[in-house]
Each structure stands twice: as C-alpha cells, then as structure tokens.
Amino acid sequence: MKYISTRGQMEPIEFQDAVMTGLAPDGGLLLPQELPDVGNKLEAWSKLSYTELAFEVIRLFATDIPDADLKQLIDDSYATFEHPEVCPSVDVGDFQILELFHGPTLAFKDVALQFLGNLFAYILEKRGGKLNILGATSGDTGSAAIHGVRGKPNINIFIMHPEGRTSPLQEKQMTSVLDANVFNLAVDGSFDDCQNIMKTTFGDVPFKTEHSLGSVNSVNWARVLAQTVYYFYAAFRTLEKTGASTVQFSVPTGNFGDILAGYLAQQMGLPVSKLILATNENDILTRFFNTGEYSKAQAVPTISPSMDIQVASNFERYLYFKVGKDAAKLVDLMNDFKDKGVLKVALNETGVVDDLFAAGRGDTASTLETIKRYKEQYGYVLDPHTAVGVYVAEKFRSPESPTICLATAHPAKFTQAIIDAIGEAVHHPTLDALEHAETRCETIANDVDLVKQYLVEHI
Ligand SMILES: Cc1ncc(COP(=O)(O)O)c(C=O)c1O
Ligand SMILES: N[C@@H](CCOP(=O)(O)O)C(=O)O
C-alpha cells in the first residue's frame, strides 16, 4: 500500500515513510492510493477481539511492517487500557455509547497515540535517527501524545496549547509530565493559531527536514487509521446485539479526524447508514454540511474546549474524496479558503452536501441540559463533548438503524462543566493523583518564528 498527497505533488511513499512524514511536503495530507474493499471480510472480523481486529485492519495499510512486529506493536499499545475490551459499548437510553476513554489519559486520542508512540519508537530503532514532534492541541491530543512518547529514546515532543483555553485538568495532564524529552508551550492564541503555527512550520520543508520534525496530530495518517478500528468493532457489537443490518454513528467533531475515520470505514464497506456530525458553537463543519459553504470564523471558548476549532485539519481529506480525488480541484478549493476565507461546493438533489452526513450543533445550554438529563434518567454522566454528540443524535434517530454515540472523553476531565450540569464533580483516580503534581510549561507569543527559534534552542 502506497500513500499520496491530497495536493498531488508527491511521489507515492510507503507506510513507514508516511508515518514519519506527517504533513506532505506540498502542504497536503497523506492518503492511501486506494482504499481496500473489506466487505467480504466483515463476517470473519466480527468475531475478533479488539486487538485481533486492529491487527487485521492495520495490516492492510501497514504493508511494509512484518506481521509479527505489527502484532506486537498492537498488543503493547492496548495493554495500557484499563478495560479488557479496550473500547466497550454500553446501553444508555436509546443509544449505544462507545466508551473511548479507557486509555492512560482518558480520551479517545489514546487509542491512536499509544499505537503511534510505539510505532515511532519501532521505526527509529530500525532506521536510526531522531524525531522531533511538533504538535498542537485543544486539550486531549497533547496529553495522549505526551504519554505515548514520554521517556522514549531519540524522540522529543513539543506541544502547543492555547493558553487558558483547555480545562485545568487537561492542562495539568500535559504539564505535569516532567520527562526531559517533553516540552509544553502555552500559546497566546486559539487552537487554530497553534495548528497554523504547526502547519506553517511543517510547510518550511528545509527546516522540517533539517530538524527531523514529525506529527502526532491527525495530520499523521497513522492516527486516522488506528481510529477506524473502533468503528468496525463498535458496529459489530451493535449489529450482533440488535440484529439490525446498518448502524449510524454520532461523532462530536472539531478537527474532523474522528469522523473521517468513520467515513473511511464506511467507504471500505462497513454498513453505516449515517454519520451524524455534531459541533458546539464553533460550527464551521455543521454549516458546511448543511449549506455547502465552508467559511472561516473566529473560534469562541466553550464548555467542550477540545472542539473549539474553526479550521478543521482533516476536512481536506474529505474534500479530496468529494471532488473525485482530483488534486487540482482540491488545491483550487483550498486556495479559495486561504485567500477569501470561504470555499463552496454544490448541494445535491436532496439539498445537502452529502446524504451520508447529518449535521447539527449543540450550545452550552443544550450540552448542560443533556448531561443533567442523562444523569437523572440513566445514572450515566456524559462528558461535555460526548453530550454535544448525544444531543445532536437525538434529532436524527432512525427506527431501522441503531445509533452509536462516540464517548470521546471521561467526564472527570471537565470538572466545572460537570458541576454546572449535575451539581457535583465526578472523579477518576488518575486525575485525582495530579492534584499536587509539579508542572512545567513555557508561555510563548502566537508567532511562528518564535516557536521555530524555541525548537532550534531545545532540540
Ligand atoms: C474529547 C474530544 N471530543 C471530540 C473531539 C473532536 O475530535 P476531532 O478533532 O477528531 O473531530 C476532540 C478533539 O479532537 C476531543 O478531544
Ligand atoms: N481536539 C484535539 C485537537 C487536535 O486534533 P487532532 O485530532 O488533529 O490531533 C485535541 O484534543 O487536541
């Protein structure tokens, strides 16, 4: 399996090169040349454990890693999860809640980043050399990535977060990791600013090459790939439980990485009838799927801070499929967005961009109300991001197709929102243990050159 850039200006490369490259040199995102059709494998796959399934899915894409090595990488990566099923689903009201928060940092990011951390170490051990990771986070990628690579030889990790715009516990999870290879930078700006600094730095190809920069964000193909696995796993559990022939997924969305993984699973043959895209007040993606217009806005802080994003990195991968894999058309659209702050696609005959998607937004009041209602009716506490997904899913219930709502983080990470919703905090021992932890973090202006200078001084 070889990888190409959405912008068409790169020779195809192998999986391990794709993992180390992160963002393509032409500024595009990497995708496999072809997606495999796995329709005839689904029945056999439905009987596998999570790690067995991860092996079968990932080996179709990681064709330059020997099977025995890949199996070991996967087993090591998911041994750190506290639930034996890795990503279990539970019945809550009308929905299946897919709990993706049983990894070390209590968010869905661990599913891919435990694997990616081990994959980086594996590739560096085989090839030699060093890797300097530059990442941007609105709260969860940062700590999951840091926990995936802390203390690993020949890897440094530099994570930028928007100062004061993550939850206090999310910040503590990152800044309390004191390993010498971990650097936290609090940027005076939004997550979009952090992501822009990251992509601009990667866009300076000589600088990126000289300093061996790599990516842990969903820019990295391996992130999206590892996330496709739980769509298959959860669909199998729900299909066998309900006897339905299709499922729908509701996904709280910011950078469009998680829902893209669902889209790819559907394109590969998983019977998904609908992908319900849910945003908070930062609703560029909801507006796009409902109107065909993807137009820039300033991100505002909300109680689901990890989704406070108005430029969605992986949207470019979806758009590439939407324009029929025509790189030139994709580049024109991305240039429109860069130059005019807006890009437009035509609506179909049913008046939407894509019948596979249904999109909606939840605001602060509806998020708090949903958390409260689910606690009162079902004794289940949703985190604020998951609550946005559940709230929007309620509008798109289907009698034939059961809905799986992705629970992307543990509620204990968002103390204030949970107190505001149900009047008391929920706890998790991993987070309680951080109460008196020492922290280390530097503040920095929203300035690409300053970040580059910081990298040069600390690599
Ligand atoms: C808890 C949580 N939910 C949802 C999201 C949105 O996921 P994505 O950015 O892949 O759309 C994020 C951030 O990525 C997150 O941390
Ligand atoms: N919500 C994310 C933002 C970064 O997304 P990624 O999927 O591209 O890493 C976060 O928690 O940092």
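Quick note: structure is the one above.
Residues numbered from 1 in each chain as written. Chains lettered and ligands numbered in written order. Predicted model: local features only at pLDDT ≥ 70, side-chain atom pairs only at ≥ 80, totals over all residues. Heavy atoms only, no water.

**Focus on the site of ligand 1**
And step 1. The full set close to ligand 1 counts 15 residues, and Lys109, Asp140, Gly254, Asn255 and Thr408 are the nearest of them.
And step 2. At 3.2 Å from an oxygen atom of ligand 1 is found a main-chain nitrogen or oxygen belonging to Gly257.
And step 3. At a separation of 3.4 Å, an oxygen atom of ligand 1 approaches a polar side-chain atom of Ser306.
And step 4. In the complex, the protein chains occlude 98% of the 380 Å² of accessible area that ligand 1 would expose alone. (Near = heavy atom within 4 Å. Polar contact = N/O pair within 3.5 Å; in protein donor to acceptor, adjacent residues only side chain to side chain. Areas by Shrake-Rupley, 256 points an atom, 1.4 Å probe, with all protein chains shown as cover.)

**So, the packing of helix α13 (residues 315-322) against helix α14 (residues 327-340)**
Helix-helix packing is characterised by the crossing angle of the two axes and by the distance between the axes.
And step 1. Here α13 crosses α14 at 135 degrees, and the two axes come no closer than 9 Å. Between α13 and α14, the interaxial angle falls into the category oblique. Crossing angle aside, the handedness with which α13 passes α14 is right-handed. Between α13 and α14, the residues in contact are Glu316, Leu319 and Tyr320 and Ala327, Leu330, Leu333 and Met334, respectively.
And step 2. A per-class count over the contact of α13 with α14 returns 6 nonpolar, no polar and 1 charged. (Axes fitted to C-alpha atoms, helices over the stretch in contact; angles between N-to-C directions. Helix = DSSP H or I, 4+ residues; strand = E, 2+ residues; numbered from the N terminus. Parallel < 35°, antiparallel > 145°, perpendicular 65-115°, else oblique. Left-handed = near helix turned anticlockwise from the far one by under 90°. Contact = heavy atoms within 4.5 Å. Nonpolar A, V, L, I, M, F, W, Y, C, P; charged D, E, K, R; others polar.)

**Here we look at the sheet that holds strand β4 (residues 95-99)**
Strands in a sheet are paired, the pairing made by backbone hydrogen bonds, and the direction either parallel or antiparallel.
And step 1. In space, the 6 strands of this open sheet follow the order β3-β4-β14-β9-β10-β13, with mixed pairing throughout. Where the open sheet ends on each side, the last strands, each with one partner, are β3 (89-92) and β13 (357-361). Strand-to-strand twist of the sheet, defined as the mean angle between neighbouring strand axes without regard to direction, takes the value 25 degrees. (Pairing = 2+ DSSP bridges.)

**Overview of the site of ligand 2**
And step 1. Taken together, 13 residues form the shell around ligand 2, and within it Thr137, Ser138, Asp140, Thr141 and Ser218 come nearest.
And step 2. In this structure, an oxygen atom belonging to ligand 2 sits 3.0 Å away from a side-chain N or O atom of Lys109.
And step 3. Backbone polar atom of Asp140 to an oxygen atom of ligand 2: 2.7 Å apart, as the coordinates give it.
And step 4. Taking 340 Å² as the accessible area of ligand 2 by itself, protein coverage stands at 95%.
And step 5. Given that more than half its atoms are within 2 Å of the pocket grid, ligand 2 belongs to the largest cavity. (1 Å grid on protein atoms, 1.4 Å probe; cavity = no way out; pocket = protein on both sides within 12 Å on 5 of 7 lines; lining within 4 Å. Sits in = over half its atoms within 2 Å of the grid points.)

**Structural notes on the packing of aromatic side chains**
And step 1. Within the structure shown, the criterion is met by 31 aromatic pairs.
And step 2. What links up through ring pairs into an aromatic cluster is the set Phe256, Tyr263, Phe288, Phe289, Tyr294, Phe315, Tyr318, Tyr320, Phe321, Phe337 and Phe357.
And step 3. Stacked on the ring of Phe202, the Lys or Arg Lys208 has its end atom at 5.9 Å from the ring centre. (Phe/Tyr/Trp six-rings, centres within 6.5 Å; stacked < 30°, edge-to-face > 60°. Lys NZ or Arg CZ within 6 Å of the ring centre and 35° of its normal.)

**A short note on the environment of Val187**
And step 1. With respect to the helices and strands, Val187 occurs in strand β7 (residues 182-187).
And step 2. Each C-alpha atom, one on Val187 and one on Thr443, is 5.9 Å from the other, the two residues being 256 residues apart in sequence.
And step 3. Excluding residues that lie within four positions of it along the chain, Val187 makes contacts with Met160, His161, Pro162, Glu163, Cys194, Ile197, Ile444, Ala445 and Asn446.

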